[in-house]
Amino acid sequence: MSKLFTPENSALLLIDHQVGTMQLIKNIDVARAKRMSLALAKAASILGIPTVLTSSQEDRLQGPLLPELKDILPDAFEKRVKREGIVNAWTDVNFKAAVEATGRKNLIMTGVTTDVCLVFPAIDAVAEGYNVQAVMDASGSPYELSEDMSRRRMQDAGVVLTATNTMIAELAQNWGTPDGQKLIQLLFTDVLPPIQS
């Protein structure tokens, strides 16, 4: 099992990036967290990486998934796993089946919030033999303390913590390829701070 995450061996899991839950992010800038989440979705679209979207109680305060995801990944959006209150997505049989159906052992995971929606499935996936990279700037928590504790728990369990630009660079491997050129364009337009000429 390769530890290097490539488009051929990885899947992207976006957990509960919902209009309501996004507003709970306070440890980082919420607009940035949203931008990074959408950038990962765009990278998955460019590279053909299978993506599993899930939401929890869309008809409640959590609200619907970010509408931009429907434009970027229409098929994944249509097939999203709607959980009816199960906190740990990994214990939802439909979510687990969707992840298994990708056939991938390297999971790129993000969740809103980190301290509830991401920490538990990330740890459980590692325990079941998956390699997991949790993208921390596409996830967030209401409190610095709960974010910090969740990061520590994930790292202790073997989850690799990363950031959007690092993850996209790992998937690209070479900016000179046609896909690499699309990804570096994505980095400069959506992810990185502007370069002043």
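Up top is the structure these notes are about.
Because the structure is predicted, anything quoted here is derived from the model rather than measured.

**Focus: the pattern of salt bridges**
Oppositely charged side chains may form a pair once their charged atoms are brought near each other.
Right, on to step 1. Enumeration according to the criterion identifies nine salt bridges in this entry.
Right, on to step 2. The salt bridge involving E68 is made with K34; its shortest N-O contact spans 2.8 Å. Here E68, found in helix α2 (residues 68-72), pairs with K34, found in helix α1 (residues 30-47); they are 34 residues apart in sequence, far enough to count as distant.
Right, on to step 3. Judged by its relative accessible area of 29%, K34 falls in the partly exposed class.
Right, on to step 4. Ionic pairing is found between E128 and K96, a salt bridge with its closest N-O pair at 3.1 Å. Taken together, the residues E128 in the loop between α5 (114-127) and β5 (131-135) and K96 in helix α4 (residues 93-102) connect sequence positions 32 residues apart.
Right, on to step 5. Overall, E128 belongs to the partly exposed group, its relative accessible area being 41%.

**Looking at the environment of S10**
Right, on to step 1. By the element assignment, S10 lies in strand β1 (residues 10-15).
Right, on to step 2. When the C-alpha atoms of S10 and L107 are compared, they prove to be 5.6 Å apart, with 97 residues separating the residues in sequence.
Right, on to step 3. At 2.9 Å, the side chain of S10 forms a polar contact with the side chain of N9.

**Focus on the layout of surface pockets**
Right, on to step 1. The space that makes up the largest pocket amounts to roughly 230 Å³.
Right, on to step 2. Taken together, 14 residues make up the lining of the largest pocket; nearest its centre are T51, V52, D75, A76 and K79.
Right, on to step 3. Those elements that place two or more of their residues in the lining of the largest pocket are β2 (51-56), α3 (74-78) and α4.
Right, on to step 4. Of the residues that constitute the lining of the largest pocket, the class distribution is nine nonpolar, two polar and three charged.

**Some remarks on α5**
Right, on to step 1. For α5, built from 14 residues, the straight-helix expectation of 20 Å at 1.5 Å per residue is met to within 8% by its first-to-last C-alpha distance of 18 Å.
Right, on to step 2. Counting buried positions along α5 yields ten of 14 residues, so the element is predominantly enclosed.
Right, on to step 3. Structurally, α5 contributes buried residues whose contacts are with β1, β4 (106-111), β5 and α6 (144-156).
Right, on to step 4. Directly after α5, the chain includes G129, whose backbone phi takes a positive value near 95°.

**Digging into the packing of aromatic side chains**
Right, on to step 1. Counting across every chain of the model gives two aromatic pairs.
Right, on to step 2. For the ring pair W90 and F95, a centre distance of 6.5 Å and an interplane angle of 70° mean the geometry is edge-to-face.
Right, on to step 3. The exposure class of W90 is buried, given its relative accessible area of 4%.
Right, on to step 4. F95 sits in the buried class, given a relative accessible area of 0%.

**Concerning the pairing of β1**
Right, on to step 1. The buried fraction of β1 amounts to six of the six residues, a majority that puts the element mostly inside the structure.
Right, on to step 2. Covered by surrounding structure in β1 are S10, L12 and L14 together with A11, L13 and I15, the residues of both alternating faces.
Right, on to step 3. Where β1 and β4 come together, six bridges link them in parallel fashion. Its bridge partner lying in β4, L13 is registered against M109.
Right, on to step 4. As judged from the four bridges shared by β1 and β2, these two strands associate in the parallel manner. Note that in β2 the partner of I15 across the bridge is T54.

Cut-offs used in this document
Residues numbered from 1 in each chain as written. Predicted model: local features only at pLDDT ≥ 70, side-chain atom pairs only at ≥ 80, totals over all residues. Heavy atoms only, no water. Salt bridge = Lys/Arg side-chain N within 4 Å of Asp/Glu carboxyl O. Helix = DSSP H or I, 4+ residues; strand = E, 2+ residues; numbered from the N terminus. Buried < 20%, exposed > 50% of the residue type's maximum accessible area, 1.4 Å probe, protein only. Polar contact = N/O pair within 3.5 Å; in protein donor to acceptor, adjacent residues only side chain to side chain. 1 Å grid on protein atoms, 1.4 Å probe; cavity = no way out; pocket = protein on both sides within 12 Å on 5 of 7 lines; lining within 4 Å. Points joined across faces, edges and corners; volume = space filled by probe spheres on them. Nonpolar A, V, L, I, M, F, W, Y, C, P; charged D, E, K, R; others polar. Expected span 1.5 Å × (residues − 1). Contact = heavy atoms within 4.5 Å. Phe/Tyr/Trp six-rings, centres within 6.5 Å; stacked < 30°, edge-to-face > 60°. Pairing = 2+ DSSP bridges.

Fair warning: the whole summary comes from geometry, so function is off the table for now.
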